[in-house]
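# Per-entry structural report
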Amino acid sequence: MNPNAYFRQFFTRNGTALGTFLLLSVGFWMFIMILLPQAFMIDFSFRHNLPPAEIGGPQDTYTTEHYEFMVYGSAAAEGEFNTVDLGVFVRTLIAAFFVTLFDLAICYPIAYYLAHSASGGWARLMVLSLIVPFWVNEILRAFAFRIMFGSAGVINGFLMWLGVIDQPYDFIRENVALYAGLGYAFILLMIFPLYNAIESLDRNQIEAARDMGASWIRIHRRIVIPFAKPGISSGCTMVFMLSAGALAAPQILGGPSSLWFTQIIYQWFQTGNNWNRGSAYALILLASTIVFVLVMMKVFKVKLGEIAR
Amino acid sequence: MSADVELENVWIRFGDFVAAREVNITIEGGSFFSFLGPSGCGKTTLLRAVSGFLEPSEGRVKIGGQDMAGIGPNKRPTALIFQNLALFPLMTVWENIAFALEVKGVGKTERRKRAEELLDLIALPGQGDKMVHELSGGQKQRVAIARALAAEPQVLLLDEPLSALDLKLRQHMRTELRAIQQRVGITFIYITHDQGEALTMSDNVAVMSEGVIEQVTDGTSLYDHPETPFVASFVGENNLFRGRVTEADAQFTVVDTNVGPIRARTSTKASLSKGDSAFVFVRPESLKFTNGASADNTIKATVHTEEFEGQFWQVFLDVPGGDKRIKMSLVNDGRQLGHAPGAQVDLSFPAELAVALPEGPLAAE
């Protein structure tokens, strides 16, 4: 269908007023909210960090220095590579990957239970108790975790009372608090896609497999998980992207000696006053997480369309 | 291999609701047995108790003489075919069929070979690589049967598996199911609300109503010798006359009804004595227009309508004091009936073709 005919049909179907509104709002969303900021970021990342007076002047040319800096570091520094930033980058991706796995491991049984075992009132109560904590502000929740995992916090208190440890364990320094906080922050984004996928599975299929002698593990491996794969991918993608890009939780819960990659980006923008380098770093993170997700989808044979279902 | 299935004094309760009440049935190994009843009568619940998805509240389920208490569905020698078939949509046809073998840890080549054999058995050779959604309704049906047979069960349980098919295919599948049962020789337990399915396929039928087994017998006895008013009114069509017993012996019972005294066969099971309230059932095809010869029973009726159905004439008649119109079916032997509505006629029927039963609950229309 040619674009003209398509638009004519679009307007006859929706009416002039509604059609215009739809086009304008979707256009606003696409261009002003998404494409334009990203375009600025890309443009920024390829320019020198110049004082305001020189911007637009003869010095203002395109460069890849910020990307090179991320890989090789400054010319003055020792060593061939920028080990600090690269190390943080890789650690962040690996940590985000494990946070995602951890969330999947916790949420799959919960989602399965909600979808196929819990009965009406009890299921609603469970969903409510999953949602209510998220009415509390993210920063407050992070601080609550900090207090909980602190040396005088309930967790250390409880472990010492049990006699598992005899002096407080430094959960903050060891990043346990951070991983727990990140894992908890995105738990709903894992549970709901999983729940939606599992819930639509015909219960009879589970019973049929059981009737044929299948163990619970096999039922999940052969029937439930393949069926829920789109939900699993969708949940994992969201949790991975958001944990890799999280800032508040690492700021508050991160150990003093370790950085999250977003904190480096934040430093370039705020304290480093180098928006250009910050943009380059942010784009590297964005591109890498997208590539990583696409590779994972290829490995597990998931199509993009299935995730959007 | 086939096994007997015995239900001994089985009760199944859900809270206050009794889904099965004092069920005692022995199903002979290698036979085709049906549970027939209206929806909600407890037949699916009984099937679930045999398959192991449900433990009876009381009583025992035995398969091949072995008590099944505490043995889960995955450990019982039964295979269940679900009403919606529950084929696995993400597996190919052959993987579906071989799933039970996969569970047992049989190697892939052997699984594939066995699946092909079963595909031959259900007359779908070479269709193993298709996906389930590429099959037609009847083919899916047969794949579900093959999948259940792959587990080599001693008892195959079928929960109204034909109900989703259209009439023609359903009739075809009846013949096919019966043929497959005879070929593999295992016990089939079939759940249905369709009496046509139950009567055509089964060696024996149990009629169920509200959790109670009303009667267990073969198809012809069920039709010709109902033992309860429920069975008489549920299986086939029947005309009902209500009244009071005036005479009763082992052979015949005389019931005084609104159309006068009717002499009817005494049911083998029921004990009626003088003065009891009783029901007399007469099949539409047992009624005839009086031809002058003497008959056991003659009743007066008024013709309401005559419907021509090709093979049959259906005649609807009113009787004095009757709460329902009665029906008569006559084979079309080439004669025009030609009764005007309102015509007074005499109907007759032999005592052997009427049955007297104690008053009791009837099947819902």
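Residues numbered from 1 in each chain as written. Chains lettered and ligands numbered in written order. Predicted model: local features only at pLDDT ≥ 70, side-chain atom pairs only at ≥ 80, totals over all residues. Heavy atoms only, no water.

### Thoughts on the overall build of chain B
Using the following cut-off: Numbering of helices and strands runs from the N terminus, with a helix taken as a DSSP run of H or I at least four residues long and a strand as a DSSP run of E at least two residues long. What sets the accessible areas is the Shrake-Rupley method with a 1.4 Å probe; for residues, cover comes only from the shown protein chains. Counted charges follow a simple rule, with Lys and Arg positive, Asp and Glu negative, and His plus the chain ends left uncounted. To locate a charge, take atom NZ for lysine, CZ for arginine, CG for aspartate or CD for glutamate.
If you tally the helices and strands in chain B, you get nine helices and 20 strands. Projected onto the principal axes, the alpha-carbon positions of chain B cover approximately 75 × 50 × 30 Å. Here chain B displays about 16,300 Å² of accessible surface, and carbon together with sulfur accounts for 49% of that area. Across chain B, the centroid of the 36 positively charged side chains sits 4 Å from that of the 47 negatively charged ones.

### Concerning the pairing of strand E3 (residues 32–36) of chain B
In summary, the side chains of a regular strand alternate between the two faces of the sheet. Residues and elements named next belong to chain B. Keep this limit in mind: Here's how the labels work: a residue is buried when its accessible area is under 20% of the maximum for its type, exposed when over 50%, partly exposed in between, all with a 1.4 Å probe on protein chains only. A pair of strands counts as paired when DSSP detects no fewer than two bridges linking them.
Burial analysis of E3 places five of its five residues in the buried class, the great majority of the element. Burial of the side chains of E3 extends over both faces: Phe-32, Ser-34 and Leu-36 are buried on one face and Phe-33 and Phe-35 on the other. With five bridges joining them, E3 and strand E8 (residues 187–192) adopt parallel strand pairing. Along E8, the bridge assignment pairs Phe-32 with Phe-188. Looking at chain direction, E3 and strand E9 (residues 204–209) are connected through four bridges and run parallel. Opposite Ser-34, over in E9, you have Val-205 as the bridge partner.

### Section: the state of the cysteines
Residues and elements named next belong to chain A. Going by this rule: The rule for a disulfide is simple: a pair of cysteine sulfur atoms within 2.5 Å.
For the structure on display, the rule yields zero disulfides over all chains. Of all cysteine sulfurs, the one in Cys-236 lies closest to Cys-107, which takes part in no disulfide; the gap is 9.4 Å. For Cys-107, a relative accessible area of 0% puts it in the buried group. Of the residues examined, Cys-236 reaches a relative accessible area of 18% and is grouped as buried.

### A closer look at the sheet that holds strand E11 (residues 239–248) of chain B
Within a sheet, adjacent strands bond to each other through the backbone by hydrogen bonds, running parallel or antiparallel. All names here are of chain B. We count it as follows: With axes taken as lines fitted to C-alpha atoms, and helix axes fitted only over the stretch in contact, angles between N-to-C directions fall between 0 and 180 degrees.
Here we have five strands rolled up into a closed barrel, ordered E11-E12-E13-E20-E14, and mixed in their pairing. Averaged over all pairs of adjacent strands, the angle between strand axes in this sheet comes to 55°, irrespective of strand direction. Across five bridges, E11 lies against strand E12 (residues 252–257) in antiparallel orientation. Note on E12: the bridge partner recorded for Ala-248 is Thr-253.

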